[in-house]
Amino acid sequence: MSHEFDLLVIGAGSGGVRCARIAASHGARVAVVESSHWGGTCVNIGCVPKKLMVQASEYGDLIEDSHGFGWSSTRGTHNWATLIAAKDKEISRLNGIYVSMLEKAGITLFTGHARFKDAQSVVIEPSVLAPDATPRTVTAKRIVIATGSTPVKLDIPGADYAITSDDAFYLKERPQRVVLIGSGYIGIEFAGIFAGLGSTVDMVYRQDLPLRGFDEDMRAAMKEAITARGITQHSHASPTQIEKNDTGYAVTLDNGQVLQTDCVFMATGRRPKIDSLGLENAGVQTAKGGRITVNAQQETSQAGIYAIGDVTDRINLTPVAIAEGHHLADTLYSKEPPRTWSLDTTPKAVFFSPPMASVGLSEEEAAKNGVLDIYFTRFTPMRHTLSGRKDRKTVMKLVVDQASQKVVGAHILGDDAAEMLQGVAIAVTAGLRKIDFDRTVGIHPTSAEELVTLRTRTRETPKTA
Ligand SMILES: Cc1cc2nc3c(=O)[nH]c(=O)nc-3n(C[C@H](O)[C@H](O)[C@H](O)COP(=O)(O)OP(=O)(O)OC[C@H]3O[C@@H](n4cnc5c(N)ncnc54)[C@H](O)[C@@H]3O)c2cc1C
Ligand SMILES: NC(=O)c1ccc[n+]([C@@H]2O[C@H](COP(=O)([O-])OP(=O)(O)OC[C@H]3O[C@@H](n4cnc5c(N)ncnc54)[C@H](O)[C@@H]3O)[C@@H](O)[C@H]2O)c1
């Protein structure tokens, strides 16, 4: 069978765009099909607009903090419409860059919703981006599924009243009161955005601490930081129903409490986006929750069909989708060995104010492998000695394997944590030992220098004595 393309990529998000560009650079005839936003979730309704909104939310506190340094400016009020318009303008500039970058690479672009007809052909149907498109069939020798993920709402009465992150980027007005359900990345980041811009925020989550899966000490530090930002936390609680009333919405919790609000925001996870993709026509199998299962080469249960990024539901972060897309394109089309990444030491950041960032293992994970030396510090960063914001602490933690003395985990909560942690992630990926941190000269005066001056072990875990 002759094919129109060597490679068809479904989804022009973080993973799909990188895969298509690298494959084209190796000489493959490549096409990409996108149904709604060029650049995908990260650029349009994820990392980029979210970070701009986090930055917007920090100015109010910075103005207040400046008083301790002699400034007399006043906090003023925030104009939501101005922020959203500025954000939309920047995102539309980025959309254009993505399209021209793909076109310059010689890639054929299709707009519409892709649905498998069989293992080597896909029908492109009308979608939000191309509502009037005439359906057409495209054939390719190989096909990559890079369709990402989509928010999941809790199945409770009144769930339709709730918004998700997809909607939050386009709200016409900033709600005065917000109830945020979930304490993962999105719940915490948007709680910080709304609180910083002046909304009253209630967070509802099931566990004792937010951010399940992160290091316990850091989760406790995040809980304190959320309180310091003026956000009310309802832990050990879940919503059971949402009702509309004269003054907004009433959210009933399973502990009997009722929260009255203007906006209910569900940040309760995401699922692989495989809707109407016709996977059954191509013989592509999925696992629990719709996750497309792949082998080490990213190949699905069907030879010649691959999947990368969030649709495989492993580490759902942009740099991981990019790494998977790049590696796959190299593997399929490069004459050189494929570029590789150390996904085991993928660093993670939660963009709260202050942010939290982690690389490697939590104390709880590392303790399964042997005895650990734990180094922990908590201090008031220099800026806040004068700003007076005494409850804005920085917390740092190094998890060291006692036998090898390798730093197997590093965790920071505090101003600039994500910026600081990227360099530490190189050290952890390289398998450096605590002594390598100790013999590194600090940069003074910074918070980061604490990472190389943590000389006294805080505790051993589990105790060997
Ligand atoms: C609010 C939010 C904030 C985030 N912040 C961060 C962050 O700060 N840092 C970070 O690393 N990660 C962040 N993420 C996660 C990150 O956005 C994703 O991990 C990343 O976008 C995954 O890339 P992907 O290529 O797998 O999918 P996506 O970027 O989602 O791209 C998939 C594309 O496929 C298209 N598509 C789907 N189905 C079809 C079809 N049938 N036909 C044609 N096209 C289709 C979609 O329209 C989409 O454009 C955030 C996510 C969210 C929701
Ligand atoms: N800064 C970043 O890198 C960043 C930012 C946003 C999103 N992301 C990515 O997107 C993914 C999705 O983000 P998210 O915050 O939606 O998901 P998440 O998995 O991080 O958090 C989901 C939250 O919903 C809660 N939840 C789930 N089911 C529930 C139920 N039945 N009842 C009550 N609570 C329930 C969980 O306990 C958790 O608090 C993240 O896992 C991450 O990979 C990354």
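Please read these numbers as outputs of a predicted model, since none were measured by experiment. Residues take numbers from 1 onward in each chain, read along the sequence in its written order. Whichever chain is written first becomes A and whichever ligand is written first becomes 1, with later ones labelled in order. A pLDDT threshold of at least 70 governs which residues receive local features in this predicted model, and a stricter bar of 80 or more applies before side-chain atom pairs are shown or counted, although totals over entire chains, interfaces and linings include all residues.

1. With respect to the UniProt feature "domain: FAD/NAD(P)-binding" (unreviewed entry) in the protein
And then number 1: UniProt positions are given in the numbering used here, feature names are shortened, and annotations may be inferred rather than shown by experiment. According to UniProt, the feature "domain: FAD/NAD(P)-binding" (unreviewed entry) maps to residues 5–325 in the numbering used here.
And then number 2: What counts as a helix is a DSSP run of H or I of at least four residues, what counts as a strand is a run of E of at least two, and both are numbered from the N terminus. Between the C-alpha atoms that bound residues 5–325 there is a distance of 18 Å. The span itself is 33% helix and 25% strand.

2. Overview of the site of ligand 2
And then number 1: For each residue, a C-beta atom is positioned from the backbone; the residue is called near a molecule or strand if that atom sits within 6 Å of it. Near ligand 2, the surroundings consist of 21 residues, among which G182, G184, Y185, I186 and N316 are the closest.
And then number 2: Taken together, the elements giving at least two residues each to the shell around ligand 2 come down to helix 6 (185–197) and strand 17 (348–350).
And then number 3: Looking at the shell around ligand 2, the element that brings in the most residues is helix 6, giving four residues.
And then number 4: Residues that form the shell around ligand 2 fall into these classes: nine nonpolar, eight polar and four charged.
And then number 5: For each domain, the first and last residues come from an automatic or database assignment. Two domains each donate at least three residues to the shell around ligand 2, and these are domain 2 (159–268) and domain 3 (345–459). Gly is put with the polar residues, along with every residue not named as nonpolar or charged; the nonpolar set is Ala, Val, Leu, Ile, Met, Phe, Trp, Tyr, Cys and Pro, and the charged set is Asp, Glu, Lys and Arg.

3. What to know about the site of ligand 1
And then number 1: Around ligand 1 sit 36 residues in total, of which G11, G13, G40, G148 and G309 are the nearest.
And then number 2: Of all the elements in the fold, those that place two or more residues in the shell around ligand 1 are helix 1 (14–25), strand 2 (30–34), helix 2 (40–45), helix 3 (47–66), strand 4 (113–118) and helix 9 (318–333).

4. Considering the domain arrangement of the protein
And then number 1: Here the protein is partitioned into domain 1 (5–53 + 79–150 + 271–341), domain 2 (159–268) and domain 3 (345–459).
And then number 2: Computed from C-alpha coordinates alone, the two centres of domain 1 and domain 2 are separated by 31 Å.
And then number 3: Two residues qualify as being in contact provided that their C-beta atoms, derived from the backbone, are within 7 Å of each other. On the side of domain 2, seven residues touch domain 1, which itself brings five residues to the contact.

5. Observations concerning the packing of helix 1 against helix 9
And then number 1: Helix axes are fitted only over the stretch in contact, all axes being lines through C-alpha atoms; the angle between N-to-C directions runs from 0 to 180 degrees. Contact pair helix 1 / helix 9: the axes reach a minimum separation of 7 Å and the direction vectors enclose 25°. Considered as vectors, helix 1 and helix 9 are oriented roughly parallel to each other. Viewed along their axes, helix 1 and helix 9 form a crossing whose handedness is right-handed. For the pair formed by helix 1 and helix 9, the contact residues are S14, G15, G16, R18, C19, I22 and A23 on the first element and T318, A321, I322, E324, G325, H326, L328, A329, D330, L332 and Y333 on the second.
And then number 2: The residue inventory of the contact of helix 1 with helix 9, partitioned by class, reads nine nonpolar, six polar and three charged. Put simply, angles under 35 degrees are roughly parallel, angles over 145 are roughly antiparallel, angles from 65 to 115 are roughly perpendicular, and the rest are oblique. In this scheme the handedness of a crossing depends on how the near helix is turned from the far one: anticlockwise by less than a right angle means left-handed, clockwise means right-handed.

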